[in-house]
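Structural overview for review
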Amino acid sequence: MEAKKQEFLQLIDRAIGLSEKMEGTTPNSTEKLNTLVSELQRIKANVMSDRLQPSEGTITLGLAREVADWVEPLNSPLLDAVGAIELYYQQQL
């Protein structure tokens, strides 16, 4: 399980990094990016303390849906990154 946990944390760190790079690049996105980073950090803390509820293939984190509502374009690296987090969560945790 430790390898899965490490890989999941790397996916989260990648999304946080992309979010931080995007700050100030599009109007009205700073608040949404800050909210996303806060949520990713909360998920990361839960993973590190083994408090993240298992998906069991049915539960999602809601990240992709949230980001898709405001990110432009829809093939952005940030949306891909949060999509990878969701997919890994559902398939591996």
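In the block above lies the structure referred to throughout.
The text that follows walks through the structure, step by step, so that each part is easy to find. What you see is a predicted model; the values in this text were computed from it and never measured.

What counts as what
Residues numbered from 1 in each chain as written. Predicted model: local features only at pLDDT ≥ 70, side-chain atom pairs only at ≥ 80, totals over all residues. Heavy atoms only, no water. Salt bridge = Lys/Arg side-chain N within 4 Å of Asp/Glu carboxyl O. Helix = DSSP H or I, 4+ residues; strand = E, 2+ residues; numbered from the N terminus. Buried < 20%, exposed > 50% of the residue type's maximum accessible area, 1.4 Å probe, protein only.

1. Regarding the pattern of salt bridges
Applying the stated criterion across every chain yields a total of three salt bridges. Among the salt bridges present, the one from Asp13 reaches Lys44, with a minimum N-O distance of 2.6 Å. Pair noted here: Asp13 is in helix H1 (residues 2–22) and Lys44 is in helix H2 (residues 30–48), with a separation of 31 residues, a long-range link. Salt-bridge contacts for Glu39 lead to Arg42; the nearest nitrogen and oxygen are separated by 2.5 Å. Of the two residues, Glu39 and Arg42 both sit in helix H2, three residues apart, roughly one turn of that helix. By relative accessible area, Glu39 is classed as partly exposed at 26%.

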